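One-letter residues, chain by chain:
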Amino acid sequence: TDLRRLQAEYVNYKRRVDRDRDLARDAGVLKAVTALLPVLDDIDAARAAGDLTDGPFAAIATKLDTALAGLGLERHDQEALAGVEFDPAVHEAVMRQPHAEVPADHVVQVFRNGYLRHGRVLRAAQVMVSAGDE
């Protein structure tokens, strides 16, 4: 019985250590990814200005996007959110206007990209929401 108790304690200890290690790793990744959000904003601005059509900086931006996606970062940009129903849990409405083509309470335009990681909102997307066809 002492051996079984000792084995059970060891198994519980190992589980606790593995869980704590995973939590610490995830917290480190989260901190690094969050620190890169302003860099991603600058890259998005360069892309919108047409500065990322080709060349070495465009390749670096693509590699960064790929690496961050591999770490679970999900970008909520115009392409991902246009026409999606507004959700205050992941979107921040900064404007509401009538729109003929987009139904009420759906995203019309994204002003600032939002980011999620494994379903957790790191930063809500700032969006314009349709008030419907008034």
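Residues numbered from 1 in each chain as written. Predicted model: local features only at pLDDT ≥ 70, side-chain atom pairs only at ≥ 80, totals over all residues. Heavy atoms only, no water.

The subject of this paragraph is the sheet that holds strand β6 (residues 125–130). The strand order across the open sheet formed by three strands is β2-β6-β3, and the pairing between neighbours is mixed. Because the sheet does not close on itself, it has two edges, and the strands there are β2 (91–97) and β3 (107–112). Averaged over all adjacent pairs, the angle separating strand axes in this sheet is 30 degrees, with direction ignored. Across four bridges, the pairing between β3 and β6 is antiparallel. (Pairing = 2+ DSSP bridges. Helix = DSSP H or I, 4+ residues; strand = E, 2+ residues; numbered from the N terminus. Axes fitted to C-alpha atoms, helices over the stretch in contact; angles between N-to-C directions.)

So, on to the pairing of strand β4 (residues 114–117). Neither face of β4 is open: one carries G114 and L116, the other Y115 and R117, and all of them are buried. By the bridge criterion, four bridges tie strand β1 (residues 73–76) to β4 in an arrangement that is antiparallel. Within β4, the position partnered with L73 by the bridge is R117. Taken together, the three bridges between β4 and strand β5 (residues 120–123) define a ladder with antiparallel strand orientation. Within β5, the position partnered with R117 by the bridge is R120. (Buried < 20%, exposed > 50% of the residue type's maximum accessible area, 1.4 Å probe, protein only.)

Within the chain, D105 stands out as a residue other than glycine whose phi angle is a positive 65 degrees. Mapped onto the secondary structure, D105 falls in the loop between β2 and β3. Backbone geometry at H118 places phi at a positive 50 degrees, although glycine is not the residue there. Examined against the element boundaries, H118 turns out to sit in the loop between β4 and β5.

Another aspect to go through is the sheet that holds β1. Taken together, three strands build an open sheet; the order of strands is β1-β4-β5 and the sheet is antiparallel. Two strands lie at the open edges of the sheet, namely β1 and β5, each paired on one side alone. Averaged over all adjacent pairs, the angle separating strand axes in this sheet is 30 degrees, with direction ignored.

Another aspect to go through is the packing of helix α2 (residues 37–48) against helix α3 (residues 56–70). Two numbers describe how α2 lies on α3: the axes approach to 11 Å, and their chain directions differ by 135 degrees. When the axes of α2 and α3 are compared, the pair comes out oblique. Here α2 and α3 pass one another in a crossing that is left-handed. Contacts between α2 and α3 involve V39, L40, I43, A46 and R47 on the former and, on the latter, F57, A61, L64, D65 and L68. Of the residues that constitute the contact of α2 with α3, the class distribution is eight nonpolar, no polar and two charged. (Parallel < 35°, antiparallel > 145°, perpendicular 65-115°, else oblique. Left-handed = near helix turned anticlockwise from the far one by under 90°. Contact = heavy atoms within 4.5 Å. Nonpolar A, V, L, I, M, F, W, Y, C, P; charged D, E, K, R; others polar.)

Formed by V29, V33, L37, L40, L68, L73 and Y115, the largest nonpolar core amounts to seven residues. Counting only elements with at least two residues in this core, the list comes to α1 (2–35) and α2. Beyond its immediate stretch of four places on either side in the chain, Y115 contacts L37, L40, D41, D44, L73, E74, R75, R120, V121, L122 and R123. Of all hydrophobic cores here, the second largest spans six residues; its members include V107, V110, A125 and V129. (Core = buried A, V, L, I, M, F, W, Y, C linked by side-chain atoms within 4.5 Å.)

Right, let's get into the side chain of H76. Tracing the sequence through the fold places H76 in strand β1. For H76, a relative accessible area of 10% corresponds to the buried category. Side chain to side chain, H76 and E74 meet in a polar contact 3.3 Å long. Setting aside chain neighbours within four positions, we find H76 in contact with L81, H91, V110, N113, G114, L116 and A125. (Polar contact = N/O pair within 3.5 Å; in protein donor to acceptor, adjacent residues only side chain to side chain.)

Read these as geometric descriptors, not functional statements.
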